[in-house]
Amino acid sequence: MPKHAANESQGTNPASRRQPPTAQRAERDERIGLTEAFSPVAADGEPGVPAASADGDEPIGLTQAFAPVDPSSASASAGAGAHAGGFSYRGDNDDEYPDAFESLEPHPEPPVLFDDVVDVAPEAPAARHGKEERKAKKDEIPAYLRKSRRMRRLLIVVVVLLVLLIAALGYFTFKLIEESQMLATQQAQELKSVEEVDALQDDDAKDAETQAVKKTEAPELTALLGLTQDQAVEALQRGATVTSSREVNEEGNPIKSTATVALTSEPADNRTGTPTVYLGMDEAGAVIQAGYSASVAALGYGDFSFSEAVKNENIVEKTLQEAGIAVPEGSAQLPEDKAAYSTYASDGKTLVKESCSFSGSVDIDGAPHEWSAVLSYDYSTANTSGNLADTIRIIYVYINA
């Protein structure tokens, strides 16, 4: 509504202010209050008596008074400056008359602890509506379905962990197999190299067996019996040299002195030295015992085993025969129990030495004589070096008058 209309309705028009005080008071007296405006009007103009208005309108109540007004009628009444018997319309001013719904909405309060004013934006209706819908949908899901979803997520996590664990186990298993194969290959190569070395050693041993050359032979010991020490050394020749001698004072022993004679002209063995002759003299100085020792290889025997040398090669009988002692083959027999001539290390498995003594009697020029022999294999050096060729093999033969 225009401002001058409002001024006119409120009596603030300048023209009205120029009226005399008596006229203005009379005009104010003609105005009616809010109660009289809604009171029923009688036909003759007296209040309190219901009657139809001059224009044919029926009386209105409180509810009808606040009902929407038709625009056409509103414009007509605006010209008169009042509605229904003098109610003046003051206009629609948003500043003076706020909306009723807006006045009911909560307004954010300023903080009480700080002087700054914080503008709190109200949550959008759409956001509130979306939250409410999601909450409603969540509430609509049954409990067993929510539990099933949680269980499904847990199972997925467990399956992923199991897959990772299986992959890790597979990787470590692969690495272990690879290292085992590498170790097996190295061991196979080492074993192969050892076998090759052993094969070479076996070839060398076979070559030694096949290429064993007789470098010396036993002197005729029977020819030394009855001679003196000097006569025996002279009869031996071969660079015979007395290396040691000693007196023997043993009761019941016919031998009273001994002498060791080295045959320096014979080829020496790097393990056993040169062949040696042993003389035993009685009280008169005559030789009543003569013996001889040499390496098995120098006598022309290869690297046979101890039992093979005795049983197959008859090394004892052949050496005695070279010394002038005619014993038949088979005279030297090994005991049935190998432990009788074998010596082992403290572990009970490592063979250290094999040694066996043999003896018998034989007729020489119609007179009986006692013979004896000792075959010895010493494996001490071979066990240390790991080479069987380092075994020290010696044979001793004796004849008594």
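Residues numbered from 1 in each chain as written. Predicted model: local features only at pLDDT ≥ 70, side-chain atom pairs only at ≥ 80, totals over all residues. Heavy atoms only, no water.

Draft legend 1. Looking closely at helix H12 (residues 315-322). Among the residues making up H12, those that are buried are Ile315, Val316, Glu317, Thr319 and Leu320. Those residues of H12 that are buried are in contact with helix H11 (306-311), strand E6 (351-364), strand E7 (367-378) and strand E8 (392-400). Following H12 by one or two positions, Gly324 adopts a phi angle in the positive range, close to 90°. (Buried < 20%, exposed > 50% of the residue type's maximum accessible area, 1.4 Å probe, protein only. Helix = DSSP H or I, 4+ residues; strand = E, 2+ residues; numbered from the N terminus. Contact = heavy atoms within 4.5 Å.)

Draft legend 2. Examining helix H10 (residues 229-236) more closely. Buried residues of H10: Ala232, Val233 and Leu236, and no others. For H10, the angular spread of the buried residues around the axis is 100°, confining them to a single face. Facing away from the buried side of H10 by more than 90 degrees, the exposed set consists of Asp230 and Glu234. Tucked inside the fold, the buried residues of H10 contact strand E1 (240-247), strand E2 (257-263), strand E3 (276-281) and strand E4 (287-295). Gln237 sits one or two residues past H10 and shows a positive phi near 55°. (Arc of directions from axis to C-beta.)

Draft legend 3. Broad picture of the pattern of salt bridges. Applying the stated criterion across every chain yields a total of four salt bridges. Ionic pairing is found between Arg238 and Glu266, a salt bridge with its closest N-O pair at 3.6 Å. Residue Arg238 is found in the loop between H10 and E1, and its partner Glu266 is found in the loop between E2 and E3; the two are separated by 28 residues along the sequence. Arg238 gets classed as partly exposed once you look at its relative accessible area, which sits at 23%. Classification of Glu266 as buried rests on a relative accessible area of 13%. In this structure, the salt-bridge partner of Arg271 is Asp390, at a minimum N-O distance of 3.3 Å. Of this pair, Arg271 sits in the loop between E2 and E3 while Asp390 sits in the loop between helix H13 (380-385) and E8, and the two are 119 residues apart along the sequence. A residue is classified by how much of its surface remains accessible, and Arg271, at 38% relative accessible area, is partly exposed. Asp390 sits in the buried class, given a relative accessible area of 17%. (Salt bridge = Lys/Arg side-chain N within 4 Å of Asp/Glu carboxyl O.)

Draft legend 4. The arrangement of the sheet that holds E2 in detail. On the basis of which strands lie adjacent, the open sheet formed by eight strands has the order E1-E2-E3-E4-E8-E7-E6-E5 and antiparallel pairing. If you trace the sheet from one side to the other, it starts and ends with E1 and strand E5 (342-344), each paired once. The average undirected angle you get between the axes of adjacent strands in this sheet is 15°. In the sheet, E7 pairs with E8 via eight bridges, with the strands oriented antiparallel. Within the sheet, the bridge partner assigned to Ser372 lies in E8 and is Tyr398. Contacts between H12 and the sheet are confined to E6, E7 and E8, with E8 contributing the most and set at about 50° to the helix. (Pairing = 2+ DSSP bridges. Axes fitted to C-alpha atoms, helices over the stretch in contact; angles between N-to-C directions.)

Draft legend 5. Quick look at the environment of Ala223. Along the chain, the position of Ala223 falls in the loop between helix H9 (143-211) and H10. It is 9.6 Å that separates the C-alpha atoms of Ala223 and Leu236, two residues lying 13 residues apart in sequence.

Draft legend 6. Broad picture of the pairing of E4. Across the nine residues of E4, eight count as buried, placing the element largely inside the fold. Sheet analysis places E3 next to E4, joined by six bridges and oriented antiparallel. When the bridges of E4 are listed, Tyr278 appears paired with Gly291. Where E3 folds back on E4, the antiparallel hairpin that results is connected by five residues, among which Gly285 adopts a positive phi of roughly 90°.

Draft legend 7. Summary view of the confidence of the model for the protein chain. The predicted model of the protein chain averages 74 in pLDDT, with 60% of residues at 70 or higher. Overall, residues 91-97 carries pLDDT values under 50, and its contacts beyond four positions in sequence, including any with other chains, amount to three contacts. The model gives residues 112-120 a pLDDT under 50, and that stretch makes three contacts with residues more than four places away or in other chains. (pLDDT = per-residue confidence, 0-100.)

Draft legend 8. Structural view of the pairing of E8. Inspection of the sheet shows E4 paired to E8 by seven bridges, in the antiparallel sense. Following the sheet pairing, Ala290 is matched in E8 by Ile399.

Draft legend 9. Molecular detail of the side chain of Thr276. Take Thr276: it is sitting in strand E3. At 3.2 Å, the side chain of Thr276 and the backbone oxygen of Thr274 are in polar contact. Contact partners of Thr276, with chain neighbours within four places excluded, come to Thr260, Val261, Gly291, Tyr292 and Ser293. (Polar contact = N/O pair within 3.5 Å; in protein donor to acceptor, adjacent residues only side chain to side chain.)

Draft legend 10. Broad picture of a positive patch on the surface. A contiguous patch of positive charge on the surface is contributed by Arg146, Lys147, Arg149, Arg150, Arg152 and Arg153. Taking relative accessible area as the criterion, Arg146 reaches 30% and is therefore assigned partly exposed. (Patch = residues over 30% accessible without salt bridge, like charges linked within 9 Å, V, L, I, M, F, W, Y side chains within 5 Å. Areas by Shrake-Rupley, 256 points an atom, 1.4 Å probe, with all protein chains shown as cover. Lys, Arg positive; Asp, Glu negative; His and termini not counted. Charge placed at Lys NZ, Arg CZ, Asp CG, Glu CD.)

Draft legend 11. Summary view of the packing of aromatic side chains. For the structure on display, the rule yields five aromatic pairs. Ring centres 5.2 Å apart and planes at 90° place the aromatic pair Phe306 and Tyr377 in the edge-to-face group. Separated by 71 residues along the polypeptide, Phe306 in helix H11 and Tyr377 in strand E7 bring together distant segments of the chain. This pair shows no difference in class: Phe306 is buried, exactly as Tyr377 is. Judged by centre distance (6.4 Å) and plane angle (70°), the rings of Tyr377 and Tyr379 are edge-to-face. On the basis of relative accessibility, which here comes to 1%, the residue Tyr377 falls in the buried class. The exposure class assigned to Tyr379 is buried, which follows from its relative accessible area of 10%. (Phe/Tyr/Trp six-rings, centres within 6.5 Å; stacked < 30°, edge-to-face > 60°.)

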